[in-house]
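Structural overview
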Amino acid sequence: KAGVTQTPRYLIKTRGQQVTLSCSPISGHRSVSWYQQTPGQGLQFLFEYFSETQRNKGNFPGRFSGRQFSNSRSEMNVSTLELGDSALYLCASSLGPTLAGADTQYFGPGTRLTVL
Amino acid sequence: EDKVVQSPLSLVVHEGDTVTLNCSYEVTNFRSLLWYKQEKKAPTFLFMLTSSGIEKKSGRLSSILDKKELFSILNITATQTGDSAVYLCAVGPGSGGSNYKLTFGKGTLLTVNP
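Read on for an overview of the structure. Note that this is a predicted model, so its numbers are computed, not measured. Starting from 1, residues in each chain are numbered consecutively following that chain's sequence as written. Chain letters start at A and ligand numbers start at 1, both assigned in the order the entries are written. Since the coordinates come from a predicted model, pLDDT governs what is reported: local features require at least 70, and pairs of side-chain atoms require 80 or more to be given and counted, while whole-chain, interface and lining totals use all residues. By convention in this description, side-chain values take in all heavy atoms of the structure and omit both hydrogens and water.

Residue and element names in this part refer to chain B. Categorising residues by exposure relies on relative accessible area from a 1.4 Å probe, with only protein chains included: less than 20% of the type maximum marks a residue as buried, more than 50% marks it as exposed, and the intermediate range marks it as partly exposed. The helix and strand labels rest on DSSP assignments: H or I over at least four residues marks a helix, E over at least two residues marks a strand, and numbering proceeds from the N terminus. In terms of burial, strand β9 (residues 85-92) is a largely internal element, seven of the eight residues being buried. We treat two strands as partners when DSSP finds at least two bridges between them. Of the strand pairs in this sheet, strand β4 (residues 32-38) and β9 are connected by seven bridges, and their pairing is antiparallel. Bridge pairing in β9 links Q38 to V86. Alignment of β9 against strand β11 (residues 108-113), held across three bridges, turns out to be antiparallel. Directly across from V86, in β11, lies its bridge partner L109. Relative to strand β10 (residues 103-104), β9 runs antiparallel, the two being bridged by two bridges.

The structure is reproduced here in structure tokens:
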């Protein structure tokens with residue numbers, strides 16, 4: 001079974017630009033979560049989607065947004081990029097909340113975003 | 001606010017040593033605790049624990065959860081250089097499966113020297 005895929009793997013942007021990251025979950029998984037990982041803060045939860053609905057959101061500004069499509073693929077958008085947005089953005093998929101073992105999240109390889 | 005604290009933050013051992021990594025947590029409506037291993041790339045899943053006192057084992061790795069004292073340990077016996085990684089602990093709250101998210105600790109950086 002193919003794992004979680006994320007595109008692009010690397011991205012360099014300048015301050016003020018916007019960026020869209022994509023995540024394709026494991027086949028059959030309906031829940032997609034996004035995390036930001038930085039050396040200082042570790043892994044921080046951004047948001048989680050299930051059945052095209054955002055069910056939970058972390059403590060990030062409104063510049064960070066996302067969506068999920070009917071095939072469970074998800075996109076994350078960051079507008080008006082700041083230097084501090086440089087990070088590894090990880091997507092994780094899981095089956096969903098009502099199935100046994102649904103808590104286990106499987107991570108994609110991440111998108112390394114550098115903001116200059 | 002949910003909190004996960006891992007200790008030690010870093011650890012250097014020699015091949016063949018046994019290590020114990022710690023994870024304590026404070027979370028609303030605890031449901032599960034997960035351990036991940038992160039090398040250069042994405043975290044890879046190791047264990048999920050939901051019941052207190054039941055050890056999960058996979059090869060040289062094992063983990064146990066104490067829901068009364070709110071902590072978990074991850075043991076690695078006969079360490080190898082390939083065990084060098086950051087080990088992450090995460091907890092999942094929620095009741096009935098709604099509003100689910102994982103809260104991660106900062107991780108323990110394990111370095112195994114030959």
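With that settled, the discussion passes to the interface of chain A and chain B. Tallying the contact residues gives 21 residues for chain A and 18 residues for chain B. Here's the idea: put two parts together, see how much 1.4 Å probe accessible area each one loses, and the total over both is what we call buried area. Overall, the association of chain A and chain B removes approximately 1800 Å² of surface from exposure, summing both partners, and the carbon and sulfur fraction of that is 54%. It is L43, D103 and F107 of chain A that lose the most area in chain A upon contact with chain B, and together they represent 31% of the buried surface on that side. The term salt bridge refers to a pairing of a side-chain nitrogen on Lys or Arg with a carboxyl oxygen on Asp or Glu at a separation within 4 Å. Summed over the shared surface of chain A and chain B, the number is zero salt bridges. The definition of a polar contact used here is a pair of N or O atoms within 3.5 Å, where within protein one atom must be able to donate a hydrogen and the other to accept one, and adjacent residues in sequence count solely through side-chain atom pairs. In this assembly, chain A and chain B are joined by two residue pairs in polar contact (both at pLDDT 80 or more). Of all the secondary structure elements, the ones that give two or more residues to the side of chain A that touches chain B are β4 (31-38), β5 (42-50), β6 (53-57), β9 (87-94) and β10 (106-107) of chain A. The element contributing the most residues to the side of chain A that touches chain B is β5 of chain A, with four residues. Considering only residue class, the side of chain A that touches chain B consists of nine nonpolar, nine polar and three charged. Should any heavy atoms of two residues lie within 4.5 Å, those residues are counted as being in contact. We call Asp, Glu, Lys and Arg charged. Ala, Val, Leu, Ile, Met, Phe, Trp, Tyr, Cys and Pro are nonpolar, and the rest, Gly among them, are polar.

Now for the layout of surface pockets. For cavity detection a 1 Å grid was placed over the protein atoms alone, and a set of points counts as a cavity when a 1.4 Å probe fits there but cannot get out; an open set counts as a pocket when protein lies on both sides within 12 Å along at least five of seven lines, with lining residues being those that have an atom within 4 Å of a point. Grid points are joined across faces, edges and corners, and a volume is the space filled by probe spheres set on the points. Size it by volume and the largest pocket reaches roughly 570 Å³. Q44 of chain A together with E1, D2, T103 and F104 of chain B are the residues nearest the centre of the largest pocket, which is lined by 22 residues in total. Among the secondary structure elements, those contributing two or more residues to the lining of the largest pocket are β5 of chain A together with β1 (3-7) and β10 of chain B. Along the lines of polarity and charge, the residues of the lining of the largest pocket split into eight nonpolar, eight polar and six charged. Considering the residues around the second largest pocket, the lining is formed by 19 residues, among which Q37, T38 and P39 of chain A together with Q38 and V86 of chain B are closest to the centre. Secondary structure elements with two or more residues in the lining of the second largest pocket: β4 of chain A together with β9 and β11 of chain B. Among the elements that line the lining of the second largest pocket, the one with the most residues is β9 of chain B, at three residues. Tallied by class, residues from the lining of the second largest pocket come to seven nonpolar, seven polar and five charged.

Residue and element names in this part refer to chain B. Ordered by their spatial adjacency, five strands build an open sheet running β1-β3-β8-β7-β6, and the pairing between neighbours is antiparallel. Of all the strands in the sheet, the pair left with one neighbour each is β1 and β6 (56-58). Direction aside, the axes of adjacent strands within the sheet are offset by 15° on average. Here strand β7 (residues 61-66) pairs with strand β8 (residues 71-76) via six bridges, running antiparallel. Bridging across to β8, S62 finds its partner in N75. Every angle, taken between N-to-C directions, lies between 0 and 180 degrees, and every axis is a line fitted to C-alpha atoms, over only the stretch in contact when it is a helix.

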